[in-house]
Amino acid sequence: MIRSKLNRKILIVYINGYGVPKGDYTKDQNLVRYINSILNFLDGMLDDVADIIIYFVGGATNPFRRHRTEAEVLRGIMVANPAFTMFNRRGVHIDLICLQDPLDGWEAVQDFATALDRAGIADATVVMFCEDARRWRFRYIVSRMTKSRTYTVIPIDFDAGRTIMQWPVRMLEVVSAILSWNFPWFRDVERRRRLRKIGRS
């Protein structure tokens, strides 16, 4: 029996940016795997939702591709995926929204939380996707910035170039996030460092 649309939920999806490739982003295997995994997850929820609002989040972080943002890269990869075109045929309305200003994790989560407050959607399931190795830092930021809502964070293991040698760096990122939350001056230092890295200083 087809479930009544009135009894189905609104699903809000946050997709965290993961860089801007120098070349054709639709052929970036890491990002394609990322989006494929997210689409597979969403496919399993289509029978339970009537509307999906997808937020692609991330700014222009590649100093050699200032005209392109992480958000639009992820949106372009998703729209080009054949699996995505099937969603509308299954009676689910999908809105795609790009938040293209954030240049770090704090700004990304803050802009997303602000967008939800402005949209005024209270009764919705919120799912947030991020890269697996960054899950601890991301979850910490989400726990501090989004206390008024309940979110489910789903890490996706898609980076084929990741090695065990990177784990100490990821742990330091968690420490950095904790210090940034507790000491505003430290967050300012980290933001300036980030801006220099992406050529925005």
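Our structure's up above, just so we're on the same page.
Every value quoted in this text rests on a predicted model; they were computed, and no experiment measured them.

A. The packing of aromatic side chains, seen in detail. Tallied over the full model, the rule gives ten aromatic pairs. Their ring planes at 80° and their centres at 5.4 Å tell us that Phe 41 and Phe 129 sit as a pair that is edge-to-face. Remark: Phe 129 occurs in strand β4 (residues 125–131) and Phe 41 occurs in helix α1 (residues 29–43); sequence separation between them is 88 residues. When its relative accessible area of 29% is taken as the criterion, Phe 41 is described as partly exposed. The buried category is assigned to Phe 129, whose relative accessible area is 0%. Put simply, the rings of Tyr 14, Tyr 55, Phe 112, Phe 138 and Tyr 151 pair up and form one aromatic cluster. Lying over the aromatic face of Trp 136, Arg 135 brings its terminal NZ or CZ to 4.0 Å of the ring centre.

B. Broad picture of the nonpolar core. Counting residues in hydrophobic clusters, the biggest one holds 31 residues, and the most contacted among them are Ile 15, Tyr 34, Ile 52, Ile 54, Met 78 and Phe 129. At the level of elements, β1 (9–16), α1, β2 (49–57), α2 (70–80), α3 (82–88), β4 and β5 (152–156) are the ones that each hand at least two residues to this core. Here this core takes seven residues from α1, the largest share from any one element. With residues near it in sequence (within four places) discarded, Ile 15 still touches Tyr 34, Ile 38, Ile 54, Tyr 55, Phe 56, Val 57, Leu 74, Met 78 and Phe 129. Residues Ile 12, Ala 115, Leu 116 and Phe 138 belong to the second largest nonpolar core, which totals 24 residues.

What counts and how
Residues numbered from 1 in each chain as written. Predicted model: local features only at pLDDT ≥ 70, side-chain atom pairs only at ≥ 80, totals over all residues. Heavy atoms only, no water. Phe/Tyr/Trp six-rings, centres within 6.5 Å; stacked < 30°, edge-to-face > 60°. Helix = DSSP H or I, 4+ residues; strand = E, 2+ residues; numbered from the N terminus. Buried < 20%, exposed > 50% of the residue type's maximum accessible area, 1.4 Å probe, protein only. Lys NZ or Arg CZ within 6 Å of the ring centre and 35° of its normal. Core = buried A, V, L, I, M, F, W, Y, C linked by side-chain atoms within 4.5 Å. Contact = heavy atoms within 4.5 Å.

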